[in-house]
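Listed below, chain by chain, are the residues.
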Amino acid sequence: MSLPVEIARQLTEEQIAFVKRSGLKAETLEPGFVRLRMPLQGNQNHIGSMYAGALFTLAEIPGGALFLTSFDVQRFYPIIKEMNLRFRRPATGDIQVEARLSAEEITRLEEQASQQGKAEYLLELQLTDGNGEVVAESRGHYQLRLR
């Protein structure tokens, strides 16, 4: 069974010390959908735009957040196998990302992991600023594993 939203929010925002220090916020946590925001404040680089590590964190955390809201956390756990990030433009304000997995994909992944011990999936995401402009694009290869 997936976790209640407030527990998923706490784990998403506070379980990893670096993420907690960054100020990342889970704005929406639902089965199959998450929206996260990274504040610029406290995450600036030497030229005043968002630090690449903060953008990478914002791109990577949705995989775990989706896991917490969508999968049976007592039976499975996620890992990330590979992550690529393409920077498109300087991020000069707060940045958000949305990630989705359909109910059919969630069921397929759980069935495959139950039968084979693991199941792989891809999340291709766009990190956007307050005007909806894409500042970075990510491609993450995740794996759902049977405990």
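None of these values were measured; they are calculated from a predicted model.

### Considering the pattern of salt bridges
Tallying each qualifying case throughout the model produces 10 salt bridges. The salt bridge involving Arg37 is made with Glu27; its shortest N-O contact spans 2.6 Å. Of the two residues, Arg37 is situated in strand β2 (residues 33-38) and Glu27 in strand β1 (residues 25-30); the sequence distance between them amounts to 10 residues. Glu27 sits in the partly exposed class, given a relative accessible area of 36%. In this structure, the salt-bridge partner of Arg139 is Glu124, at a minimum N-O distance of 2.2 Å. Of this pair, Arg139 sits in strand β6 (residues 134-146) while Glu124 sits in strand β5 (residues 118-128); the two residues are 15 residues apart in sequence, bridging distant segments of the chain. Looking at Arg139, the relative accessible area reads 35%, which means it is partly exposed. Using a relative accessible area of 54% as the deciding quantity, one classes Glu124 as exposed. Within the structure, one salt-bridge network assembled from shared partners comprises Arg35, Glu98 and Arg100.

### Focus on the packing of aromatic side chains
In total, this model carries 3 aromatic pairs according to the counting rule given. Arranged with centres 6.1 Å apart and planes meeting at 20 degrees, the rings of Phe67 and Phe71 form a pair that is stacked. The residues Phe67 and Phe71 share a single accessibility class, namely buried. Ring geometry for Tyr121 and Tyr142: centres 5.6 Å apart, planes at 15 degrees, overall stacked. Of this pair, Tyr121 sits in strand β5 while Tyr142 is found in strand β6, placing the two residues 21 residues apart along the sequence. For Tyr121, a relative accessible area of 4% gives the class buried. Ring pairing ties together the aromatic residues Phe67, Phe71, Tyr121 and Tyr142, which thus form one cluster.

What counts, and where the lines are drawn
Residues numbered from 1 in each chain as written. Predicted model: local features only at pLDDT ≥ 70, side-chain atom pairs only at ≥ 80, totals over all residues. Heavy atoms only, no water. Salt bridge = Lys/Arg side-chain N within 4 Å of Asp/Glu carboxyl O. Helix = DSSP H or I, 4+ residues; strand = E, 2+ residues; numbered from the N terminus. Buried < 20%, exposed > 50% of the residue type's maximum accessible area, 1.4 Å probe, protein only. Phe/Tyr/Trp six-rings, centres within 6.5 Å; stacked < 30°, edge-to-face > 60°.

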